[in-house]
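Residues per chain are reported as follows:
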Amino acid sequence: MTPIMIAALGLLMVATAFLSGLFGMAGGLILIGVLLALMPLPTAMVLHAITQMASNGWRALLWRQHIRWRAVANYLVGAAIALAAWSVTRYVPDKPIALLMLGATPFMARLLPTNIKPDPDSLWQGTVYGTICMGLMLMTGVSGPLLDTFFLGGNFGRREKVATKSMCQVVSHFTKLIYFGGIIDQAASLDPVLAGVAILASMLGTTLARRLLEAMTDQQFVTWSYKLITTIACYYIAYGGWLLVRTPVLAAIDKGGLQ
């Protein structure tokens, strides 16, 4: 990558880390979409994993006193189950499928029966969500939208939601790094300079968001979180759908023009 492109990506990573630092979500969802447009899927997944590990790890450190460790442990049980299953198949999705799944994830938790209230402290719910989220992580690069909905439904304050989810995401992205950087057949490598920029940019964006998060109320946090998730998800569904039909549509147009 050219120095200009690395600098541009660094600024984008600061902005997306700031967004994630504020809401504990959304930033990674935006970043993976940009990376998928710029580079091969395995490389995008590896760079995204490094960026998000730095962003979530720094955020978890800043809010460490608010982490609910029981919820983290429940989630990790499910994540381990998913990694074991995916390591057998070594599946790598096409970009259109990854984008469509990326957009669909926020709506999955909303389809649950209303009598099932998300409870991150529940072992069976944490295991189920952990398994599904880790599977989505390995297919789309993120599991944040579904995990966001899970934690937003729990009886956590905004600081506990951000801190606990960040800790879950550190392990998830580390698992993704191992999968796309070593387990799959077409494992990716990464420029160390770009990796260093990603880490520093993520830490900076996360730090800048802390004061604004302190000033928000829990109601503002939940309201804006849902709006952001829905807007970004709808965009990816439209973008992924277009990529899926683009080739046959353009082929049909070319064929009609030649006639």
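Here the structure is a predicted model, which means the values were calculated and not measured.

Trainee: Would you take a moment to explain the overall build of the chain for this structure?
Mentor: In terms of helices and strands, the chain carries ten helices and zero strands. When the helices and strands of the chain are placed in sequence order, the string is α-α-α-α-α-α-α-α-α-α. Looking at the chain as a whole, 49% of its 259 residues are labelled buried. Considering only contacts in the chain between residues 6 or more positions apart, those separated by 24 or more positions represent 83%. For the chain, the exposed surface amounts to about 11,600 Å²; the carbon and sulfur share of it is 69%.

Trainee: Is there a simple way to think about the UniProt feature "transmembrane region" (unreviewed entry) in the chain in this case?
Mentor: UniProt's feature table lists "transmembrane region" (unreviewed entry) at residues 29–51, 72–92, 128–156, 177–204 and 224–245, given in the numbering used throughout. Here residues 29–51 runs as 91% helix and 0% strand, with 12 Å between its end C-alpha atoms. From the first C-alpha to the last, residues 224–245 spans 32 Å; its make-up is 100% helix and 0% strand.

Trainee: Please explain the packing of aromatic side chains as it appears in this structure.
Mentor: Geometrically, a pair of aromatic rings is defined through the distance of the ring centres and the angle of the planes. Throughout the structure, instances matching the rule amount to five aromatic pairs. Centre to centre, the rings of Trp-86 and Tyr-179 are 6.4 Å apart; their planes meet at 80°, and the pair counts as edge-to-face. In this pair, Trp-86 is assigned in helix 4 (residues 69–89) and Tyr-179 in helix 8 (residues 158–183), connecting sequence segments 93 residues apart. Just as Trp-86 is buried, Tyr-179 falls in that class too. With 5.9 Å between their ring centres and 25° between their planes, Tyr-235 and Tyr-239 make a pair best called stacked. Of this pair, Tyr-235 and Tyr-239 both sit in helix 10 (residues 218–258), four residues apart, which is roughly one turn of the helix. Of the residues examined, Tyr-239 reaches a relative accessible area of 25% and is grouped as partly exposed. A network of ring pairs unites the aromatic residues Trp-86, Tyr-91, Tyr-179 and Phe-180 as a single cluster.

The rules behind each value
Residues numbered from 1 in each chain as written. Predicted model: local features only at pLDDT ≥ 70, side-chain atom pairs only at ≥ 80, totals over all residues. Heavy atoms only, no water. Helix = DSSP H or I, 4+ residues; strand = E, 2+ residues; numbered from the N terminus. Buried < 20%, exposed > 50% of the residue type's maximum accessible area, 1.4 Å probe, protein only. Contact = heavy atoms within 4.5 Å. Areas by Shrake-Rupley, 256 points an atom, 1.4 Å probe, with all protein chains shown as cover. UniProt positions renumbered as here; feature names shortened; annotations may be inferred. Phe/Tyr/Trp six-rings, centres within 6.5 Å; stacked < 30°, edge-to-face > 60°.

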